[in-house]
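Working through the structure, step by step
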Amino acid sequence: MSLRAKCAIAGLGATRMGRNFDHSNAIGFAIEAVELALADAGLKRSELDGLLVNPGVTWMTNPMASFDLQQAMGLRDLSLTATMNLGGATAGAMVMHAAQAIDAGMANMVACVFADAPLKPPRPESAKKGAGSAAAYGFARGLEGAYGLFGVSAQYAFVARRYMHKFGATNDHLGAIAVAERQWANLNPAAQFHDQPLTLADYHNSRWIAEPFHLLDCCLVSNGGLCVIVTSAERARGLRKPPVHILGMGQGHTGGDPIETLASGAPIAKRVAFKMAGVELSDIDLAEIYDCYTFTVMVTLEDYGFCNKGEGGPFVADGRIAPGGSLPVNTGGGQLSSFYMWGMTPVCEAVIQVRGEGGERQVKKHDVALVSGNGGILSTHSTLVLGADA
Amino acid sequence: MSEIAKPVPAVTPQMVPFFDAARQGELKVQRCTECGALRFPAREICAECLSRQHAWVRVSGRGEVLSFNIMHQAYHPAFAAEVPYAVVVVKLEEGPAIVSNLVGVKPDLIRCGMPVEVVFEKVNDQISLPKFRPRAAG
Ligand SMILES: [Zn+2]
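Residues numbered from 1 in each chain as written. Chains lettered and ligands numbered in written order. Predicted model: local features only at pLDDT ≥ 70, side-chain atom pairs only at ≥ 80, totals over all residues. Heavy atoms only, no water.

On to the overall build of chain A, then. For chain A, the helix and strand inventory stands at 13 helices and 11 strands. Its C-alpha atoms give chain A a radius of gyration of 20 Å, within 12% of the compact-globule value 21 Å for 390 residues. Counting all 390 residues of chain A, 63% fall into the buried class. Intrachain contacts of chain A at a sequence separation of at least 6 include 76% that bridge at least 24 residues. About 14,400 Å² of surface is accessible on chain A, with carbon and sulfur atoms providing 53% of the total. Taken together, the 30 basic and 35 acidic charged side chains of chain A have centroids lying 2 Å from each other. (Helix = DSSP H or I, 4+ residues; strand = E, 2+ residues; numbered from the N terminus. Rg over C-alpha atoms; globule rule 2.2 N^0.38 Å. Buried < 20%, exposed > 50% of the residue type's maximum accessible area, 1.4 Å probe, protein only. Contact = heavy atoms within 4.5 Å. Areas by Shrake-Rupley, 256 points an atom, 1.4 Å probe, with all protein chains shown as cover. Lys, Arg positive; Asp, Glu negative; His and termini not counted. Charge placed at Lys NZ, Arg CZ, Asp CG, Glu CD.)

Right, dumping it as structure tokens:
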């Protein structure tokens, strides 16, 4: 009954990322991403019968985003659709939902899409937005705005500060993650920071956002769209690109207050996904770890067991996750240095690496890739184990 | 010169007992009358036992800094003159955690685990906000 390698990712579509205004809204980027994924797989639009959408921040105005997109690109007679949102864990969850539906005979060819367009072209009189919303992340902490608590970075900073207090991690450790991801980005022509090197000193010199987070602890802001097409492994073998098999998948959603737990749902999600895939940690060749902040990478690596709890700082400090290190992590530059498409950024890079299409940044051994997604400040989690061989 | 007002919390019907108490210099949280769990801010249903029954009870106002951040960006114009300022999460002795500010201590001297106690800052006739100040341990 296991879903191990029953399904595969057969198509990948990525638009230009970052400060580009190729489309005026998220739906435009979504359509382009789906078109690119169809071309990548050698499929016609009419062959899609499933559409799953994770709308970005600027696309949440309509709660039925997948219906938006179906109409916008003239998709007819779908047998599966949903608008999904588990924050940064959504991309993995969409792939899971697609694979389950395909295995159950409910759909054959499912596009999983993320798109957002938060960056606007410069205007003569820029109307700056006023107060941020502190209610976005589902933690009831009281009368936040009255105390000057605004935005997700400030909420995440509470968790990072407590972690650093408890385990002795430092900004040098966080900075090591920023530097490692930048080194990967310098090898990735599609990365927003491809042309800009970064030293630990640069990291420390970047302005504070919400201490303990510098600007360079925080992910990028990007316009763009990403799409992966999921189908049965059998069907994928007949398409243009080599199948990227979905070997294992799982979710873990902790609940509670992350300031007190200091942990993600990775252990729960990993248990399910690794069992399905039949892999151990030592089988993982590369890890694409959700990185809305540097800190998230540190905690997630621990929670998967790459090191002991609390030792994530020293673990990343010596270049272990950078190009040439023993554990390649976020090999495209991650969301810190390539582009921020929520959980689709790690999914996209894993597909590229497993296919061996990474160019200058391609890791030598790429049989098994781990993909993590994380949302709601360490509260939702998805795990994918992807591999070239069935 | 005109001053931009800071956001004032909405006095929702659920939170009326909290603000009534705050005006009297008392810190109150909700207590589930079924299982005894304490919670803040107000919720209609207990997350522990799902009971709809609750009362407002006074707590000591003592706790410690669970965590804090230092805000360097002015997300709201009323805070522009104060950056960098700290926002803290205080873990009350009785259990609930509450977002607030510390008074009488510079941001760079705040530490996790610092013992604090509540003080009230009057915003207007209706609203007083609980804030916290350092206290001797014990
Ligand atoms: Zn209860």
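Back to the write-up after that little detour.
Below, the discussion takes up the overall build of chain B. A count of helical and extended segments in chain B gives 1 helix and 8 strands. Ordered by position from N to C terminus, the α and β elements of chain B give α-β-β-β-β-β-β-β-β. Compactness check: chain B gives a C-alpha radius of gyration of 16 Å against a globular reference of 14 Å for 138 residues, within 12% of the reference. In chain B, which comprises 138 residues, the share counted as buried stands at 43%. Considering only contacts in chain B between residues 6 or more positions apart, those separated by 24 or more positions represent 52%. Carbon and sulfur atoms make up 50% of the accessible area of chain B, which totals about 7,000 Å². One finds the centroid of the 16 positive side-chain charges in chain B at a distance of 2 Å from the centroid of its 14 negative side-chain charges.

Let us now look at the coordination of the zinc ion. All names here are of chain B. Distances from the zinc ion to its protein donors, namely Cys-32 (SG), Cys-35 (SG), Cys-46 (SG) and Cys-49 (SG), fall within the range 2.3 to 2.4 Å. Around the zinc ion, the 4 donor atoms sit at angles spanning 102 to 114°, and that spread fits a shape best called tetrahedral. Donor residues for the zinc ion, ordered by position in the chain, follow C-x2-C-x10-C-x2-C. Taken as a pair, Cys-35 in the loop between β1 (28–32) and β2 (38–39) and Cys-49 in the loop between β2 and β3 (54–58) lie far apart in primary sequence, 14 residues in all. (Donors = N, O, S within 2.8 Å, 3.2 Å for Na, K, Ca; no water. Tetrahedral: all angles 85-135°; square planar, octahedral: opposite > 155°, others 65-115°.)

Quick look at helix α2 (residues 65–72) of chain A now. Within α2(A), the full set of buried residues consists of A:Ala65, A:Ser66, A:Asp68, A:Leu69 and A:Gln70. Just beyond α2(A), the residue with positive phi is A:Gly74, at close to 60°.

Of the residues lining the interface, 28 residues belong to chain A; the matching set on chain B comes to 34 residues. Surface buried jointly by chain A and chain B totals about 2,800 Å² across both partners, of which 64% is contributed by carbon and sulfur atoms. The tally of links between chain A and chain B comes to 1 salt bridge. Summed over the shared surface of chain A and chain B, the number is 12 residue pairs in polar contact (both at pLDDT 80 or more). (Buried area = accessible area lost by both parts, 1.4 Å probe. Salt bridge = Lys/Arg side-chain N within 4 Å of Asp/Glu carboxyl O. Polar contact = N/O pair within 3.5 Å; in protein donor to acceptor, adjacent residues only side chain to side chain.)

Glancing now at the environment of A:Val385. Residue and element names in this part refer to chain A. Within the element layout of this structure, Val-385 appears in strand β11 (residues 380–387). In the structure, Val-385 is positioned 380 residues away from Ala-5 in sequence and 9.8 Å away in space, judged by C-alpha atoms. Beyond its immediate stretch of four places on either side in the chain, Val-385 contacts His-245, Ile-246, Leu-247, Gly-248, Ala-273, Phe-274, Ala-277, Val-279, Val-368 and Ala-369.

This part takes up the side chain of A:Ser379. By the element assignment, A:Ser379 lies in the loop between β10 (368–375) and β11. Engagement of the side chain of A:Ser379 in a polar contact is seen with the backbone oxygen of A:Gly376, the distance being 2.8 Å.

With that out of the way, let us pick up unusual backbone geometry. Excluding glycine, residues mostly have negative phi values, and the peptide bonds linking residues are mostly trans. Residue A:Glu211 is joined to A:Pro212 through a cis peptide bond whose omega torsion reads 15°. Along the chain, A:Pro212 falls in the loop between β5 (208–211) and β6 (213–214). Residues B:Val83 and B:Pro84 are joined by a peptide bond in cis, for which omega reads -5°. Among the secondary structure elements, B:Pro84 is positioned in the loop between β4 (62–71) and β5 (85–92). With phi around 50°, A:Asn330 is a residue other than glycine that occupies positive phi space. Of note in the backbone geometry, A:Leu378 takes a positive phi value of approximately 65° without being a glycine. With respect to the element layout, A:Leu378 can be found in the loop between β10 and β11. Looking at A:Leu378, the relative accessible area reads 1%, which means it is buried.

A word on helix α4 (residues 152–167) of chain A. Residue and element names in this part refer to chain A. Helix length check: α4 (16 residues) gives 23 Å between terminal C-alpha atoms against 22 Å at 1.5 Å per residue, within 8%. Most of α4 sits inside the fold, with 12 of its 16 residues counted as buried. Immediately downstream of α4, the backbone of Gly-168 shows phi near 80°, a positive value. (Expected span 1.5 Å × (residues − 1).)

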